[in-house]
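A look at the structure
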Amino acid sequence: MMHPLHDYVAKQLADKLKSRRVVVWYDDRAEFQPFVDEVRDGPRTSSELAAVSVGGAKAMLAEYAGSMFELRSVIEPHVSGDMPETVIVYMPGCTRDRRASVLMELEKAGTTWEPQLKQLGKNVLLQKYTLGVVDEMLPYDRKVSYRDLARAAEDNSGSEPPSILKSIFHDTGGNDALLAAWLVSDVRDAEIVTKEASGELAKLVKARLGLELAADAPLTKLRAITLRYLLAGEFRLDLSCNPPPSLESIAEPPSANEASAIRDLARHLRTRYPDAYAVLADQVEEGLGLNSADLAADALGAIDTFRFEERALLRHAGDLIATRNFDDALALVAEREHSFWLDRDVARKAQWEAARRMAELGNVAVQVRAAVLKTSGNSADWLDAYVSKDCWYLLDQAQRRLETWIANLDEEPEDRPLGVVRRAYEDACHAMADGFTKALARAGWTVAGALHQTQIFGEVVSHRPKPVAYFLVDAMRFEMGVELAQRLPKPSEVAVKAAVGALPSITPIGMAALMPGAAGSFSVVEQAGKLGALIEDSFLPDLGTRKKFAAARVPKLVDLALDELLSLQSSKLAKKIDGAQLILVRSQEIDHAGETGFTFQARQVMDTVIDNLARAIRKLASAGVEHAVVTADHGHLFFASDRDESMRIDAPGGNTLELHRRCWVGRGGSTPPGSVRVAASALGYASDLEFVFPAASGVFRAGGDLAYHHGGPSLQELVIPVLTVRTSARKSSHPSTGPILASTLPEAITNRIFSVTFTFGDKQLVLGATGIQVRPLLMAAGKQVGAVGMAVDAQFDRTTGCVTLEPNKPVTVAFLLSDESAASLRVVAQDPATDAELYRSPSDIPVRLGV
């Protein structure tokens, strides 16, 4: 039987032999000669290699005795074959020559080893004693031999008894784990006192952290002192400015080793005991008065030791946004998005996400406005810049994503940064609307080469293979169509192009322009005091007349509302559309939400509609309708709040037929400043009507919402998306290597933002399994009522709402409930390619907002 030190060294050496087969072992002080003699059962007697066993590994042992060349010559026969033997080359009294070693080829073929005896001995003793005791046994200035260490490791009756602390904290491994367990709980304090282990504890704290403790003080006091020293120390080490006065009385770590130990232990506390750490850190923060300390936010380091740091840094991000330093704000958010305090508080993480979206909107608003002010081409150039060349539509997308997010927050971001980016968006929209309207007027209210809304049915829908679904989405602006295309499953064939809508951009006119026959005959007229469209001899002022018109001209047409389509069971849907050549699907959710005047609810609904349209397309594909065309009657402008008084224009008066926020229809009257008049005949209509539009982004003093509006000639209102989609029906697929589990499901939904943790696979998941992509959703009565807004420490696509789950790695996602009318819901995880449900919560979760 060998002693513990021999066994430990043998294991280290054996591990290297198993991985590299040849180990060249340099021992410049010949400290390990006794170990080598133990392995060989005696001193070296010959230059020939000796067969030995090390830690269960068989090997040949060669030992240097004065000649490198002689040593190499006796080794080479054992390592020159296709499969070299396992060889230990022991080099007592030799320092490794990294540039010109005679044994360089052996070193490169295998590996080198240069262990320090005292460190290996210390590792062995730490299995028996705590760090403080070991440091007393092995002072840094004391020279010890292999045999000294072997006796100390083997001694069961010497001057130092085995560690009492290790027996008390028997379920922990290592000094940091022991200290952490003591710091977070006093449950073992009585045992420490009874067994008189306070002295050993004080020694451990001194050895590991460099903090002197009075061993006879109460453990409660020692714990408070250690925590304050530890957390204040980490905080101070991370600062790039002078620490606050409250830290002056707290000692600093005496050396870099103790500073590193402080960081390691604090990190261990946050990782192993996150809940306890949060409570303890709050107590220390309050005791030191750090929340009111005068510290520059940009001087705070990369580690959020205390809660106040996260809030100070978020305020700093807001200040950067308010001063238009958008890139710096984005960099700060990216740097901090995985901090300890954010990963455990979804509400705080949501505030940081709001900061990110504010900075993103500010960035694109500045870029677009600068480009707009340089644009002087014709109307076609403006359209091209908006939809493709410069992608100005991304401005509207960034604004919608920000406002939708804010609508779900319980606490709105600070007014100043939010006001700055909202104003930047409005300024960009105003400049864009003013420039495009002027270009449009110069071009005779036409856009050369562009697809017109009236041509969509004849040139796009009628040429698609049958059956085909024709989605008419009220008020879906171009950027929403682009996002819908991105949310459709791969490998769907999707193309998005822009079309120019009919003026005025209001529902009765735009929807009529999408009817069959509109390309050959379309006018905007008045009949019996009503405004409507005239196609051939049919007057279409409302939905009822349009439905009759379409049914009369399209054989085998089925007309469905989006809600009805989503709620139908697959079998009933198949029966309803059986034999149909055209399935007309109508969605009024966006426009209805916007025109109700409830901005908050409208923001929530708009984002959900995009997902529900994608689901409807996939559902029809599963029912055999692979082809679809999706378009809109008009777009919209949707600002954060009511238009300012300075943006409100007096109505033209005269013989008014209809007055909307963004258009006047009638005859006569005036053309108020800030507006433009156009005759119906100039738009190609056989009518004596006249139209007056605000020339930029202003509104008329009229009924209707002051934040959401349409009817005018801005790019956001007039440019509509035309999506052509082919989605092949695919069989549902389920993960073959493990289930998806969900934990932390709430008993009730009491906040619009809440978190759920998903895990893909279980402990038996096979090695080599890869991650899968899922789309987590909130579902109620067949409709989507919410989606993921953030994911913690996981790949998350904000456009598609998909999250990547790696095997056996828990991922926490933050859901946004977007439809508050749902009485209850289920948490669902879908296969994004097929809509197959990979997970569904076992029961309905009631929605009790405000409880």
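Every chain is numbered independently, its residues counted from 1 as its sequence is written. Thresholds applied to this predicted model are a pLDDT of at least 70 for local features of residues and 80 or more for the giving and counting of side-chain atom pairs; totals over whole chains, interfaces and linings are not thresholded and use all residues. The side-chain quantities take in all heavy atoms of the structure and omit both hydrogens and water.

Re the overall build of the protein
Operational definition: Put simply, DSSP marks the helices as runs of H or I at least four residues long and the strands as runs of E at least two long, and each gets a number from the N terminus on. The globule rule used for comparison is 2.2 Å times the number of residues to the exponent 0.38, while the radius of gyration itself is calculated over C-alpha atoms. Note on classification: 1.4 Å probe, protein chains only; a residue is buried when its accessible area is under 20% of the maximum for its type, exposed when over 50%, partly exposed between these limits. The contact definition used throughout considers only heavy atoms, calling two residues in contact when any of these lie within 4.5 Å. Counted charges follow a simple rule, with Lys and Arg positive, Asp and Glu negative, and His plus the chain ends left uncounted. To locate a charge, take atom NZ for lysine, CZ for arginine, CG for aspartate or CD for glutamate.
Looking only at helices and strands, the protein has 30 helices and 33 strands in total. In terms of C-alpha radius of gyration, the protein reaches 37 Å, well past the compact-globule figure of 29 Å for 851 residues. Expressed as lengths along the three principal axes of its C-alpha atoms, the size of the protein is roughly 120 × 65 × 55 Å. In the protein, which comprises 851 residues, the share counted as buried stands at 55%. Relative to all contacts within the protein whose residues are 6 or more apart in sequence, the contacts with residues 24 or more apart total 72%. When the 94 basic and 111 acidic side-chain charges of the protein are each reduced to a single mean position, those positions are 4 Å apart.

What to know about the side chain of serine 538
Along the chain, serine 538 falls in strand E11 (residues 538-540). Among the residues examined, serine 538 registers a relative accessible area of 17% and is labelled buried. If near-sequence neighbours (up to four positions away) are discounted, serine 538 is found in contact with Ala533, Phe549 and Arg553.

Considering the nonpolar core
So the rule is basically this: Remark: nonpolar core denotes a set of buried residues (Ala, Val, Leu, Ile, Met, Phe, Trp, Tyr, Cys) joined through side-chain atoms within 4.5 Å.
Core analysis: the biggest nonpolar cluster contains 221 residues, and Trp25, Leu395, Ile456, Tyr470, Phe471, Phe522 and Phe691 have the highest contact counts within it. Looking at this core, the element that brings in the most residues is helix H21 (residues 415-442), giving 11 residues. Setting aside chain neighbours within four positions, we find phenylalanine 522 in contact with Thr454, Ala502, Ile509, Ala512, Ala513, Ala533, Leu534, Ile535, Gly684 and Tyr685. Formed by 28 residues, the second largest nonpolar core is a distinct cluster that contains Phe758, Ile772, Ala791 and Val811.

Some words on the sheet that holds strand E7 (residues 468-473)
For clarity, the cut-off: Between any two strands, at least two bridges found by DSSP are needed for them to pair.
Pairing in this open sheet of seven strands is mixed, and the strands run E6-E8-E23-E14-E7-E13-E12 from one edge to the other. Strands at the two margins of the open sheet, each flanked by one partner only, are strand E6 (451-452) and strand E12 (557-561). Strand direction decides the pairing type here: E6 and strand E8 (residues 493-500), joined by two bridges, are parallel. Bridge assignment links leucine 451 to a residue of E8, and that residue is alanine 499.

Looking at the pairing of strand E3 (residues 57-63)
Counted residue by residue, E3 has six buried out of seven residues, so it is predominantly covered. Here strand E2 (residues 50-54) runs beside E3; their pairing, made up of five bridges, is antiparallel. The residue bridging valine 54 from the neighbouring strand is alanine 57, located in E3. Connecting E2 to the antiparallel partner E3 that follows it, the hairpin turn spans two residues, and glycine 55 within it adopts a positive phi of roughly 55°.

Notes on the packing of helix H15 (residues 307-322) against helix H16 (residues 326-336)
So the rule is basically this: Note on geometry: axes are C-alpha line fits, over the in-contact stretch for helices, and angles between N-to-C directions span 0 to 180 degrees. Orientation categories follow fixed angle ranges, with anything under 35 degrees roughly parallel, anything over 145 roughly antiparallel, 65 to 115 roughly perpendicular, and all other angles oblique. Crossing handedness is read from the near helix: turned anticlockwise from the far helix by less than a right angle, it gives a left-handed crossing, and turned clockwise, a right-handed one. Residues are grouped as follows: Ala, Val, Leu, Ile, Met, Phe, Trp, Tyr, Cys and Pro are nonpolar; Asp, Glu, Lys and Arg are charged; all remaining types, including Gly, are polar.
Where H15 meets H16, the closest approach of the two axes is 7 Å, and the angle between their N-to-C directions is 160°. Between H15 and H16, the interaxial angle falls into the category roughly antiparallel. For the pair H15 and H16, the crossing hand works out as left-handed. Where H15 abuts H16, its residues Leu313, His316, Ala317, Leu320 and Ile321 lie against Phe326, Asp328, Ala329, Leu332 and Arg336. For the contact of H15 with H16, the per-class residue count stands at seven nonpolar, one polar and two charged.

Points about unusual backbone geometry
Here the bond from lysine 466 into proline 467 is cis, since omega is 0°, no more than 30 degrees from zero. Among the secondary structure elements, proline 467 is positioned in the loop between helix H22 (456-461) and E7. With an omega of -5°, the peptide bond running from leucine 503 to proline 504 counts as cis. Tracing the backbone through its elements, the reader meets proline 504 in the loop between E8 and helix H24 (507-513). Positive phi is not limited to glycine here, since alanine 30 has a value of about 55°. With respect to the helices, strands and loops of the structure, alanine 30 is situated in the loop between strand E1 (22-27) and helix H2 (33-40). Owing to a relative accessible area of 32%, alanine 30 belongs among the partly exposed residues under this scheme. Residue threonine 744 is not a glycine yet carries a positive backbone phi of 55°.

Concerning the pattern of salt bridges
Note the following rule: Salt bridge, as applied in this entry: a Lys or Arg side-chain nitrogen positioned within 4 Å of an Asp or Glu carboxyl oxygen.
Under the defined criterion, the tally for this structure stands at 54 salt bridges. One salt bridge connects arginine 336 with aspartate 304, and the closest N-O pair in it is separated by 2.5 Å. One end of the pair, arginine 336, is in helix H16; the other, aspartate 304, is in the loop between helix H14 (274-288) and H15, with 32 residues separating them in the sequence. We note that arginine 336, like aspartate 304, is buried. The salt bridge involving lysine 438 is made with aspartate 434; its shortest N-O contact spans 3.3 Å. With lysine 438 and aspartate 434 both in helix H21 and four residues apart, the pair spans about one turn of that helix. Classification of lysine 438 by relative accessible area gives partly exposed; the value is 46%. Residue classification places aspartate 434 among the partly exposed positions, given a relative accessible area of 25%. Several salt bridges converge on common partners, so that one network encompasses Arg400, Arg401, Arg477, Glu479, Glu483, Arg487 and Asp611.

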